[in-house]
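# Chains, contacts and geometry: an overview
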Amino acid sequence: MTDNELILRLRQRDQAGLEDLSRRYSPLMRYIISPILSDGQDREECLSDVLLLVWERIERYDPARGAFSTWLTVLTRNTALNRARGQAMGEPLSENQASPVPGPEEQILHQELLEELKQALDRLSMKDQLLFYRKYYYFQTTAQIAAEMGMTDRAAEGRLYRIKTRLRKELGGVML
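Residues numbered from 1 in each chain as written. Predicted model: local features only at pLDDT ≥ 70, side-chain atom pairs only at ≥ 80, totals over all residues. Heavy atoms only, no water.

### What about the pattern of salt bridges?
- Enumeration over the complete set of coordinates arrives at 14 salt bridges.
- Notably, a salt bridge pairs D20 with R9, separated by 2.4 Å at the nearest N-O pair. Residue D20 is found in helix 2 (residues 15-33), and its partner R9 is found in helix 1 (residues 3-11); the two are separated by eleven residues along the sequence.
- Since its relative accessible area comes to 17%, D20 is described here as buried.
- Here R30 ties to E44 by a salt bridge, and the two come within 3.1 Å at their closest N and O atoms. Residue R30 is found in helix 2, and its partner E44 is found in helix 3 (residues 40-57); the two are separated by 14 residues along the sequence.
- On the basis of relative accessible area, R30 is assigned to the partly exposed category, the value being 37%. (Salt bridge = Lys/Arg side-chain N within 4 Å of Asp/Glu carboxyl O. Helix = DSSP H or I, 4+ residues; strand = E, 2+ residues; numbered from the N terminus. Buried < 20%, exposed > 50% of the residue type's maximum accessible area, 1.4 Å probe, protein only.)

### Re the side chain of R77
- Secondary-structure assignment places R77 in helix 4 (residues 68-88).
- Look at R77: it is buried, it has no salt bridge, and the nearest opposite charge is E115 at 15 Å. (Lys, Arg positive; Asp, Glu negative; His and termini not counted.)

### Some points on the side chain of T79
- As for its placement among the helices and strands, T79 is situated in helix 4.
- Overall, the relative accessible area of 12% leaves T79 in the buried class.
- Here L75 takes part through its backbone oxygen, which lies 2.7 Å from a polar atom of the side chain of T79.
- If we skip the residues at most four places from it in the chain, T79 touches C46, D49, V50 and L53. (Polar contact = N/O pair within 3.5 Å; in protein donor to acceptor, adjacent residues only side chain to side chain. Contact = heavy atoms within 4.5 Å.)

### A look at helix 7 (residues 142-149)
- Within helix 7, the full set of buried residues consists of T142, I145, A146 and M149. Mapping the buried residues of helix 7 onto a view down its axis gives an arc of 95°, with all of them on the same face.
- Buried residues in helix 7 make contact with helix 6 (126-136) and helix 8 (153-170).
- Positive phi shows up at G150, right after helix 7, with a value of about 70°. (Arc of directions from axis to C-beta.)

### Considerations on helix 8
- Counted at 1.5 Å a residue, the expected span for helix 8 with its 18 residues is 26 Å, and the 26 Å between its end C-alpha atoms agrees.
- What helix 8 keeps buried is the set A156, L160, I163, K164 and L167. Looking straight down helix 8, one finds its buried side chains confined to an arc of 100°; they lie on one side. Exposed residues lying more than 90 degrees from the buried face of helix 8 are R154, Y161, R162 and K169.
- Check the buried side of helix 8 and you find it contacts helix 5 (104-122), helix 6 and helix 7.
- Directly after helix 8, the chain includes G172, whose backbone phi takes a positive value near 75°. (Expected span 1.5 Å × (residues − 1).)

### Regarding the environment of D153
- For D153, the location among the structural elements is in helix 8.
- Judged by its relative accessible area of 38%, D153 falls in the partly exposed class.
- Once the C-alpha coordinates of D153 and T141 are considered, the two residues, twelve residues apart in sequence, prove to be 9.7 Å apart.
- Apart from residues lying up to four places away in sequence, D153 is in contact with T142, A143 and A146.

### Details of the confidence of the model for the chain
- Here the chain averages 88 in pLDDT, while 89% of its residues score no lower than 70.
- A low-confidence stretch, residues 92-99 (pLDDT under 50), is modelled with four contacts involving residues beyond four sequence positions or located in other chains. (pLDDT = per-residue confidence, 0-100.)

### A look at the packing of aromatic side chains
- Enumeration according to the criterion identifies eight aromatic pairs in this entry.
- Aromatic side chains Y61 and W71 sit 5.6 Å apart centroid to centroid with 55° between the ring planes, which places their arrangement in the tilted category. Residue Y61 is found in the loop between helix 3 and helix 4, and its partner W71 is found in helix 4; the two are separated by ten residues along the sequence.
- Here F132 and Y136 contribute two aromatic rings whose centre-to-centre distance is 5.0 Å and whose plane-to-plane angle is 50°, an arrangement assigned as tilted. Placement of the pair is F132 and Y136 together in helix 6, with a separation of four residues, close to one helical turn.
- On the basis of relative accessibility, which here comes to 7%, the residue F132 falls in the buried class.
- Each member of the aromatic cluster is reached from another via a ring pair, and the members are F132, Y133, Y136, Y137 and Y138.
- Its end group placed over the ring of W55, R13 keeps NZ or CZ at 4.8 Å from the ring centre.
- Stacked on the ring of Y137, the Lys or Arg R77 has its end atom at 3.6 Å from the ring centre. (Phe/Tyr/Trp six-rings, centres within 6.5 Å; stacked < 30°, edge-to-face > 60°. Lys NZ or Arg CZ within 6 Å of the ring centre and 35° of its normal.)

Structure representation (structure tokens):
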């Protein structure tokens, strides 16, 4: 079954399509969730949340913007990060703490910085982009990245250090 067939079945609200999605993409989703959430029960609940979100939001998927697997990957990562943040935010703020919600100016500056970072990442080699995204976007360990990319841990760490140094220089010293 192709992704297009799977998407069509999901849009037609075919329950078997959801089961096929789970069978086909659960390993990928678990791979993305596991570095972000340490508790096994949290990971399984997150996986269920992602499947439900796909079911609810399948109409929002636009093939012109990217592959289905990319959309699913982003949805999975964001759901896991939101769950992790929710656990971290469980602690109430004291009166002296600033609100963690950024103001409008901070949001605009953050958006501009993200765009500059994206442009700088686009100028890296594909291998360096992959290394950067796996470490800082998917939160994979250096050992896992090195093993899967056929590098030593030390080589991966050194390359990541050089990538960060280059990006800091291009972004005017912003901390990454």
